[in-house]
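Residue-level listing of the chains:
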Amino acid sequence: MRSALALSVWIAACAGPAKPLPPPAGPEAPADVVPPPAPPATEVRWVVVSNGKTVGRYDLTVAADRTAKAIYHVLENGRGPHVEATFDLGDDGGLDAFEASGHFEMGTAVAETMQRTGNRARWKSTTEEGEREVAGPAFYLPSADVPLHGELVRAAIAAGGQLALLPAGEARVEKVGEIEVKAGDEARTLTTYRVSGLSFAPSYQWMNPDGTWFGYARPWRSVVPAGWEAAVEPLIAQRRDLERAWFHELAKAHAHTPPEAGLAYVHARVLDVEKGRWLEDHTVIVQGATITAVGPSRRLRAPRGAEVVDLQGKALIPGLVDMHGHLDAVDGVLNIASGVTTVRDLGNDHDDLAALVADWDAGTAIGPHVVRMGFIEGTGEKAAASKVTAVTPAEAKAAVAFYAERGYEGVKIYNSVKPELVPIIAAEAHAKKMLVTGHVPVHMLAHEAVKAGYDGIEHINMLFLNFLATKETDTRDTTRFTLVGEKGLTVDLESKPVKDFIALLKKEGVVVCPTVATFEELWAARPGAITPGVGDLVARLPVQASRAFLKGGLPLEGDMHATYLKSWDRVLAMVRTLHERGVPVVLGTDHIAGLMLHHEADLFMRAGIKPADILRLATIEAARAMRQDRRFGSIAKGKRADLVVIDGDPLAGVHALGRVVSTMRGGIVYPSAPLYKAVGVRPLVE
């Protein structure tokens, strides 16, 4: 889900030189002098690549007058944006005019225009409308998914490296390296640029020797010229090195290692998550990466030479656990700033994740402890791009072995895996003491997945599909969302089928990670409006990140929004019912790291679950679900020193989780406010 709910895919393009300035005034040319012919139109095609699989295209035609026509189309994981756009480059390299139609990733309509006349820019779309006076160069970033970073890089370079953005913000562009890439016998030396100011962390763009755009590369989504697919992996490797260096500097600036004698938090309100109560005026002593003592401050003394931190009654809680992440480097910072010290990664590029985990565990970069679940998918047009696939029993066994050999704690089964392979994967995983979770594959229902060996189910819609879908329903595309939105309100939580299914989940100890925050955007959001309840969080985000929350969710026709809202209420009721009937329910985001776990907790509270229960689910119960509760999840002697200082009372209301002062991850302390600021997020506590 994450790709559908994070920022627009600004994986961008460039279309040659900027529009030329008019020639200086002078005598008219003699009548017999024939002006040179206009430059011919150019046509360029890029391909969109995800985990080695081509999933889309970007076609760009630039006419002699520097007007351009573009088509951007992606179909991956059963969904994707389709945008047709025209734009005109101004003399400063920015956009003088822009118009786009099509649809966003989940199918919501795109209808967007922008016009700049002199110093006045006006824009209007299904998500935004406004105007602004602009003196000097500026670049309009469309809400539509049109790759325009190449034009942005060129315009910023022409402006001296910094460029105002419309509707708001500022971009900074700097050259950070070069790289040679090859396609067959052809080699090309590209210039690498770092682009800052668009989101939480810098992105990277590659430009051709003639100054035109080559492409963009990330494991989950890359854009390169057709025929140059072999360049993706070298570009990803360079990006990884550059990104790594940036985050290493952040760690050097903000990681604090206590003295060898340890650190003592004194006069704290320590949360006993098991009993849901505060231990008033307590001391917690940490030596190395371990909690060595917990007790009343009047009796427990800090070791000689230890650092003493007087919390003066502030809350000290166990590190939070996000049970559904897809981690990248900036997620490490967002999680630690938000008090999230452990994340279960539910699918990632193995090499990227291995590098992140190595740096985070070594303390050379900032990030949580990671529990890894290996992604296994089938094949086909609607399959998610994956480097590890299984179509036969032998491939199913090999997929499990691949992850087991690399120390993964479990596997995640995805949409296009054949139902007959599920028990094979589960048996292989269990034999290797690995857990099994995932989506419910197409042509299978949730109760069958449980009986086939699932230890967990990801996403609340998968439970509703148990009653709304049939084995013929194609749940690989957006049907798995629209069907629940349209019919979820008809699921009677007191009916015998639902009660029997919940009893099965409880009996088998199946862990449900509902990720309700992701579905709030699908069913409760409307284009152009911030969904009630999430506005305070969105206001803290970088400008371009906050714009993503205006796109709405699923397409709306007639009174469909009212229907979706009723189904959304039933979804929250299902979460409460699962919890009340003893099914293990945990908190996961599949969304913006760290911050959205706070919002997920708010939604659990809105569903009717008590704050004390939510805090338990987000800590010790999550650890139990991963069979690691002896290592972390509560504040107790001998456990890992994952601790969060909160300026507030989350037992009174979990919204206080946003008021993080500092986070200790395995004995290393990180102040929250400067970490948030480093990635463009406004902290709640300075």
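As shown above, the structure is provided for reference.
This structure is a prediction, so every number in the text was calculated from the model and none was measured.

With that out of the way, let us pick up the overall build of the protein. If you tally the helices and strands in the protein, you get 19 helices and 30 strands. What you see for the protein is a C-alpha radius of gyration of 26 Å, in line with the 26 Å of a compact globule of 686 residues. Projected onto its principal axes, the C-alpha coordinates of the protein cover approximately 100 × 65 × 50 Å. Taken over 686 residues, the protein has a buried fraction of 59%. Within the protein, contacts between residues at least 6 apart in sequence are counted, and of these 64% link residues at least 24 apart. Computed over 74 positive and 83 negative side-chain charges, the separation of the two mean positions in the protein equals 7 Å.

The next point concerns the environment of Gly102. Tracing the backbone shows Gly102 in strand E5 (residues 95-103). The class for Gly102 is partly exposed, based on a relative accessible area of 28%. With 246 residues separating them along the chain, Gly102 and Asn348 place their C-alpha atoms 29 Å apart. Residue contacts for Gly102: discarding those within four places in its chain leaves His82, Thr108, Ala109 and Val110.

For the bond from Leu166 to Pro167, the omega torsion is 10°, close enough to zero to count as cis. Its place among the elements puts Pro167 in the loop between strand E10 (162-166) and strand E11 (170-183). Even without a glycine there, the phi angle at His459 is positive, about 80°. By the secondary structure assignment, His459 is in the loop between strand E26 (456-458) and helix H9 (461-468). A relative accessible area of 2% places His459 in the buried class. Phi angles above zero are rare outside glycine, and Asp590 is one such case at about 55°. Residue placement: Asp590 occurs in the loop between helix H15 (560-580) and helix H16 (595-606).

A ring pair, where both rings are aromatic, is described by two values, the distance of the centres and the angle of the planes. In the structure shown here, the tally under the stated rule is 13 aromatic pairs. Pairing Trp246 with Phe247 gives two aromatic rings, centres 4.8 Å apart and planes at 80°, and the pair type is edge-to-face. Judged by its relative accessible area of 25%, Trp246 is partly exposed. Since its relative accessible area comes to 5%, Phe247 is described here as buried.

Counting 127 residues, the largest nonpolar core has Leu505 and Leu578 as the members making the most contacts within it. No other element matches H15, which puts 8 residues into this core. Not counting residues within four places of it along the chain, the set of residues in contact with Leu505 comprises Val450, Ile457, Leu463, Val510, Val512, Leu578 and Val583. Residues Leu89, Leu148, Leu152 and Tyr216 belong to the second largest nonpolar core, which totals 46 residues.

Taken as a whole, the second largest pocket spans an internal volume of roughly 260 Å³. In this structure, the second largest pocket is lined by 13 residues; those nearest its centre are Asp536, Leu537, Asp602, His655 and Leu684. Sorting the residues of the lining of the second largest pocket by element identifies helix H13 (535-538) and H16 as the ones contributing at least two each. Here the element with the most residues in the lining of the second largest pocket is H16; it accounts for 4 residues.

Let us look at helix H12 (residues 516-523). The buried count for H12 comes to 8 of 8 residues, which makes it a mostly enclosed element. Among all positions in H12, only Val516, Ala517, Thr518, Phe519, Glu520, Glu521, Leu522 and Trp523 are buried.

The next subject is the sheet that holds strand E1 (residues 42-50). If you trace the 9 strands from one edge of the open sheet to the other, you get E8-E7-E6-E5-E4-E3-E2-E1-E15, paired in antiparallel fashion. Looking at strand neighbours, the two that pair on one side only are strand E8 (129-133) and strand E15 (222-225), the edges of this open sheet. With direction set aside, neighbouring strand axes in the sheet form an average angle of 15°. For E1 and E15, the ladder comprises 4 bridges, and the chain directions are antiparallel. The residue of E15 that forms the bridge with Val49 is Ser222.

On to the sheet that holds strand E14 (residues 213-215), then. Spatially, E9-E10-E11-E12-E13-E14 is the arrangement adopted by the 6 strands of the open sheet, whose pairing is mixed. Single-partner strands in this sheet number two, and they are strand E9 (138-140) and E14. Neighbour-to-neighbour, the strand axes of this sheet turn through a mean angle of 45°, independent of strand direction. Two elements, E10 and E11, share 3 bridges in a ladder whose sense is antiparallel. Across the sheet, residue Leu163 finds its bridge partner in E11, namely Ala171.

Its 12 residues give H16 an end-to-end C-alpha distance of 17 Å, which sits within 8% of 16 Å, the value for a rise of 1.5 Å per residue. With 9 of 12 residues buried, H16 lies mostly within the body of the structure. Within H16, burial applies to Leu595, Met596, Leu597, His598, His599, Glu600, Ala601, Leu603 and Phe604. Downstream of H16 by a residue or two, Gly608 has a phi angle that is positive, lying close to 110°.

Attention now goes to the packing of H9 against helix H11 (residues 496-508). Two elements in contact, H9 and H11, have axes separated by 11 Å at closest approach and are oriented at 135°. As summarised for this structure, H9 and H11 are arranged oblique, according to the angle between their axes. The way H9 lies across H11 gives a crossing that is right-handed. Facing Leu463, Asn466 and Phe467 of H9, the residues of H11 in contact are Pro497, Val498, Phe501 and Leu505.

Conventions adopted
- Residues numbered from 1 in each chain as written.
- Predicted model: local features only at pLDDT ≥ 70, side-chain atom pairs only at ≥ 80, totals over all residues.
- Heavy atoms only, no water.
- Helix = DSSP H or I, 4+ residues; strand = E, 2+ residues; numbered from the N terminus.
- Rg over C-alpha atoms; globule rule 2.2 N^0.38 Å.
- Buried < 20%, exposed > 50% of the residue type's maximum accessible area, 1.4 Å probe, protein only.
- Contact = heavy atoms within 4.5 Å.
- Lys, Arg positive; Asp, Glu negative; His and termini not counted.
- Charge placed at Lys NZ, Arg CZ, Asp CG, Glu CD.
- Phe/Tyr/Trp six-rings, centres within 6.5 Å; stacked < 30°, edge-to-face > 60°.
- Core = buried A, V, L, I, M, F, W, Y, C linked by side-chain atoms within 4.5 Å.
- 1 Å grid on protein atoms, 1.4 Å probe; cavity = no way out; pocket = protein on both sides within 12 Å on 5 of 7 lines; lining within 4 Å.
- Points joined across faces, edges and corners; volume = space filled by probe spheres on them.
- Pairing = 2+ DSSP bridges.
- Axes fitted to C-alpha atoms, helices over the stretch in contact; angles between N-to-C directions.
- Expected span 1.5 Å × (residues − 1).
- Parallel < 35°, antiparallel > 145°, perpendicular 65-115°, else oblique.
- Left-handed = near helix turned anticlockwise from the far one by under 90°.

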